[in-house]
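Read off the chains here:
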Amino acid sequence: MTTGGWITMIVSVGFVTSLLTWCIYKVMTTSGEAEKMHGFEFETPDEKEEHRDRRPTNHQP
Amino acid sequence: MIAYFISLLIIGMSICWAEWTLGRYAGRFGVHSSPAMFAVLIRKPWAKYLGVLGIIIPIGIYMYYVYIEAWCLGYAVSYLTGDLGRPGVDAGQHFANFVGATKDGFAIGFSLKQVGIFVIAVYFLNFFLIYRGLARGIELFCKFAMPSLIVIAIIILIRVLTLGSPVEGKPELSVLNGLGFMWNPGEVAQQLKNPQLWMAAAGQIFFSLSVGFGIIATYASYLTDKDDVVLSGLTATAANEFCEVGLGGLITLPAGFMFLGAAGLVGQGTFGLGFSVLPIVFSHMPFGAFFGFLFFFLLFLAAVTSSLSMLQPGIAFLEEALSIRRRESVAILVFLTGMGSMFVWYFSQDLKALDTIDFWVGTFMIFIQGSLMIILFGWVVGIEKGFQEAHRGANIRIPGFFRPIMKYVAPAYLAVIFVLWVLFNLLGWNGQFTGAEFNPTGYVLDLIGSPTVPPSTVARLSVGIMILVAVFMLVITSIAGNRWDNLSTHKQEGNQ
């Protein structure tokens, strides 16, 4: 492992770790941000509609 | 790493933010599939056909992704049954036998030592989850599973860094030399002049960040103006980079070097490296079988979340284009991807079918789709409007220097890289202007053959299947086309 290798490794790993830490900090500390954040939400609106349609109804004749 | 981080900055972040923004913007027109997005954003009759790439890519990748998912589940079970994790197991041989890399049809076996039963299980699990809408439970579960996967990876990292020189009689295969193999920069100036390096870096960024897949835009189309697409995109990128550079960069290649040496790593494919090398690391760990099971099982769960996300663009497209319900859309996709997955599963020798589809869809098409998205953002929607859209609901700003990057630098960079990629990786240019020679690479020779080597039937069939999928999607797009064209016109008129 050369000095250049150490520098490359420390800078690269340090950068991505710092960036992720900052992002998580930002999400957790910014007011209302955690509620607004979205990952891959599998229940998309079309899926919700499908669920709504499948739900039994209690309409009286 | 210099080329990698420059690619991350120029194309990774740019396309990522472009996809999040364009997806949400198009969602306001009430469309969620890539062809419809292109139709309403470009407002030309031909535009919708460009967007078909955003459907073909996730479907094509899904066809082989479920096969890899089955490897993960199978490996987890192999640790439970003791087929892996005991001393003396040849991990490379186990991998080849398990996935059927030795012979076509070899993977169609249903013992626990073959991948077959796991392919079936994984395939039905995916569609069960997406059909019944139980995926929310999976997402909830993954909130715990994914952090656990990172914790396990950190434990593996600690073990790798404390291995010393694990191969007896070969002190040169040490931790420090392993890290040096991965991180020593070499002749930087010389390497940066090598176009192959830039192409590899760009390709890696595409796959790492899942940009150019057509998936992000579909999911972003369900977001509202209150959602923060800037921080969401940046956080997703940061998490991917942390796992790839911070964990993967310190584990897989250094560990591979320590056990196999530099020569042993030559010819190890991306997939083979992880599935052949990590079991060796686990065999040198206390409770290695337990950690091996946990690692591959969590990796399987992570893969399930990815494969489920790959289905949504296709589902949204069929729903919109054919005006059908979600269940019918899922049924069509079951048939379509099932045929493709069975093909990849059967033609497992040297993983030829998987490798061919991965190259043409997972590399070639992704390049094109990524380029289209950044051009759409910078030149069709417009950079100022694009930034305005991105910043709706955002608590952080995209730095101003990204304006010229997203408008000029990224498209030019992608164009240059793509031309070089075609010249080197397809046509096999020797890089000389005087005395230029072209020797088409293996992926091309597989299709056209050469005087000495006949074309590969499996490679031709793999490409043929993808062409059939493309034709099918184009026909459906054509059927739905008028409706989308009218939608963009009405919206345009409404805005006036």
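### So, the overall build of chain A
Right, on to step 1. The secondary structure content of chain A amounts to three helices and zero strands.
Right, on to step 2. The secondary structure elements of chain A, listed N-terminal to C-terminal, are α-α-α.
Right, on to step 3. When each of the 61 residues of chain A is scored for burial, the buried share is 15%.

### Overview of the overall build of chain B
Right, on to step 1. Along its length, chain B carries 19 helices and zero strands.
Right, on to step 2. Here chain B has a C-alpha radius of gyration of 23 Å; the compact-globule value for 496 residues is 23 Å, and the two agree.
Right, on to step 3. Along the three orthogonal principal directions, the C-alpha set of chain B runs to about 75 × 55 × 50 Å.
Right, on to step 4. Expressed as a percentage of its 496 residues, the buried residues of chain B come to 48%.
Right, on to step 5. For chain B, long-range pairs separated by at least 24 residues make up 78% of all intrachain contacts whose partners lie at least 6 apart in sequence.

### Considerations on the packing of helix α10 (residues 195-209) of chain B against helix α16 (residues 352-390) of chain B
All names here are of chain B.
Right, on to step 1. Packing of α10 against α16 brings their axes to within 10 Å, and their N-to-C directions diverge by 85 degrees. Considering the angle they form, α10 stands roughly perpendicular to α16. Between α10 and α16, the contacting residues are Gly203, Phe206 and Phe207 on the first element and Gly362, Thr363, Ile366, Phe367 and Gly370 on the second.
Right, on to step 2. Along the lines of polarity and charge, the residues of the contact of α10 with α16 split into four nonpolar, four polar and no charged.

### Concerning the nonpolar core
Here is a general trend for soluble globular proteins: nonpolar side chains tend to be buried in one another's company.
Right, on to step 1. B:Leu22, B:Ile56, B:Cys72, B:Ala76, B:Phe296 and B:Phe300 are the most contacted members of the largest nonpolar core, which has 156 residues in total.
Right, on to step 2. If one sorts the elements of this core by residue count, helix α4 (residues 53-81) of chain B sits on top with 21 residues.

### Structural notes on the confidence of the model for chain B
For any part of a model where pLDDT is low, the fine detail of the predicted coordinates should not be relied upon.
Right, on to step 1. Per-residue confidence for chain B gives a mean pLDDT of 87; residues scoring 70 or more make up 94%.
Right, on to step 2. Under the prediction, the complex receives an ipTM of 0.84, its pTM being 0.87.

### Regarding helix α5 (residues 91-99) of chain B
Right, on to step 1. Among the residues making up α5(B), those that are buried are B:Phe95, B:Ala96, B:Phe98 and B:Val99.
Right, on to step 2. Immediately beyond the C-terminal end of α5(B), within one or two residues, lies B:Gly100, with a positive phi of roughly 75 degrees.

### Here's the deal with the packing of helix α1 (residues 2-27) of chain B against helix α17 (residues 402-426) of chain B
Each packed pair of helices is defined by two parameters, the angle between the axes and the distance between the axes.
All names here are of chain B.
Right, on to step 1. Contact geometry for α1 and α17: axes closest at 10 Å, N-to-C directions at 115 degrees. By the angle class used here, α1 and α17 are roughly perpendicular. α1 and α17 meet at a crossing whose hand is left-handed. On the side of α1, the interface is formed by Ile10, Ile11, Ser14 and Ala18, while α17 contributes Phe402, Ile405, Met406, Val409, Ala410, Tyr413 and Leu414.

### Concerning unusual backbone geometry
Right, on to step 1. Positive phi values are uncommon outside glycine, yet B:Asp350 reaches one of about 55 degrees.
Right, on to step 2. Inspection of the secondary structure puts B:Asp350 in the loop between α15 (326-346) and α16.

### Structural notes on the environment of B:Pro58
Residue and element names in this part refer to chain B.
Right, on to step 1. Along the chain, Pro58 turns up in helix α4.
Right, on to step 2. For the pair Pro58 and Pro313, spaced 255 residues apart in sequence, the C-alpha to C-alpha distance is 7.3 Å.
Right, on to step 3. If near-sequence neighbours (up to four positions away) are discounted, Pro58 is found in contact with Phe213, Gly214, Ile215, Met310, Pro313 and Gly314.

Criteria and cut-off values
- Residues numbered from 1 in each chain as written.
- Chains lettered and ligands numbered in written order.
- Predicted model: local features only at pLDDT ≥ 70, side-chain atom pairs only at ≥ 80, totals over all residues.
- Helix = DSSP H or I, 4+ residues; strand = E, 2+ residues; numbered from the N terminus.
- Buried ≥ 20, exposed ≤ 12 C-beta atoms within 10 Å, placed from the backbone.
- Rg over C-alpha atoms; globule rule 2.2 N^0.38 Å.
- Contact = placed C-beta atoms within 7 Å.
- Axes fitted to C-alpha atoms, helices over the stretch in contact; angles between N-to-C directions.
- Parallel < 35°, antiparallel > 145°, perpendicular 65-115°, else oblique.
- Nonpolar A, V, L, I, M, F, W, Y, C, P; charged D, E, K, R; others polar.
- Core = buried A, V, L, I, M, F, W, Y, C linked by C-beta atoms within 7 Å.
- pLDDT = per-residue confidence, 0-100.
- Left-handed = near helix turned anticlockwise from the far one by under 90°.

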